[in-house]
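Each chain, letter by letter, is given below.
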Amino acid sequence: MSSSTESGGAKSGGGRVFLIGGGWEETVADVVHGPFLRAARAASQASGSGSGPAPRVLCVIVDEGDGAEQFARYDVALRKAGDCTPVPSLVPIGKRFELGAVTEDVAGVFVCGGLTPAYQEAFAEVRGPLSALLLERGLPCAGFSAGAALAARDAVVGGWLVDGIAVCPPDSAEDLEEIEVRPGLGLVPFGVDSHAAQWGTLGRLAAVVAGGRLAHGVAIDENTLVEVGGEGGDGRARVAGLGRAHSVRPAPGGGVLVRSYGDGESFSVS
């Protein structure tokens, strides 16, 4: 993560990243999505581009044929969390996200969920320019499930085997066999995995860190938010919601050290 991201960004929302581990529990919609929407509202007001109190949020979806239906679900969840105007950006699977979709009236970018390798491919050509644009315009970015994984500098995009040995359930594999780590957006310095408790992905992340492919990973339960870059950019990530965020780092002498954090707690991102 760049020093400007660690300091919270040069502008109102710049550098603020909101990682959501999936989940659709309506009772915590404000807890999980509300902080991102409030950051988007602040960015809209700071830029003067907002025509009213409802920020325009670009929802990027890799469209596997049901993009409109998927957007409708995010539209409901975000509106339940706060006053906003979600705007769809549907990227057909196999195609590339175009930076021009982040128009001047967009106050925040919400990268949705789906097949994680497809999201990584969709953003592969705009990784650096998108990160620079978010910071320059002071826009917050949220990632939901696949979108959260993609926010990492080194993104864990799927797989369930390490040298042919299972480390997580095959249903979590994202159509891959061996675990793959690919270049992500670089918005946070640690790797991210989602649906930790629900899909058993903590084992995958632990294997990647133990194998030296990541120096730090965070596995996030569903209906749980990890916010990075807030509170004056003090270098800590804050956890909110029903579940936990599991920070995985190499342990002295080998293996990994896992520490879990719940609602209201925080951990260092360095």
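Everything discussed here concerns the structure shown above.
S.K.: Is there a simple way to explain the packing of aromatic side chains in this structure?
M.R.: For any pair of aromatic rings, the description rests on two quantities: the centre-to-centre distance and the angle between the ring planes. One pass over the structure, following the stated rule, counts ten aromatic pairs. For the ring pair Tyr74 and Phe144, a centre distance of 5.3 Å and an interplane angle of 90° mean the geometry is edge-to-face. Residue Tyr74 is located in helix α3 (residues 67–81), and its partner Phe144 is located in strand β5 (residues 141–144); the two are separated by 70 residues in the primary sequence. For Phe144, a relative accessible area of 4% gives the class buried. Through a chain of ring-to-ring contacts, three or more aromatic side chains come together here, namely Phe18, Trp24, Phe36, Tyr74, Phe110 and Phe144. Across the ring face of Trp24, the terminal group of Arg73 is positioned such that the distance to the ring centre comes to 4.1 Å.

S.K.: What am I meant to see in the sheet that holds strand β16 (residues 266–268) here?
M.R.: For sheets, the rule is that strands pair by backbone hydrogen bonds, running either parallel or antiparallel. The eight strands lie next to each other as β3-β2-β4-β5-β1-β12-β13-β16, forming an open sheet whose pairing is mixed. Each having just a single partner strand, β3 (85–92) and β16 make up the two edges of the open sheet. When strand polarity is set aside, the average angle formed by the axes of neighbouring strands in this sheet is 20°. Across four bridges, the pairing between strand β1 (residues 17–20) and β5 is parallel. Bridge pairing links Leu19 to Gly143 in β5. Lying over the sheet, α3 contacts β2 (56–63), β3, β4 (106–111) and β5, oriented at roughly 155° with respect to β3.

About the thresholds
Residues numbered from 1 in each chain as written. Predicted model: local features only at pLDDT ≥ 70, side-chain atom pairs only at ≥ 80, totals over all residues. Heavy atoms only, no water. Phe/Tyr/Trp six-rings, centres within 6.5 Å; stacked < 30°, edge-to-face > 60°. Helix = DSSP H or I, 4+ residues; strand = E, 2+ residues; numbered from the N terminus. Buried < 20%, exposed > 50% of the residue type's maximum accessible area, 1.4 Å probe, protein only. Lys NZ or Arg CZ within 6 Å of the ring centre and 35° of its normal. Pairing = 2+ DSSP bridges. Axes fitted to C-alpha atoms, helices over the stretch in contact; angles between N-to-C directions. Contact = heavy atoms within 4.5 Å.

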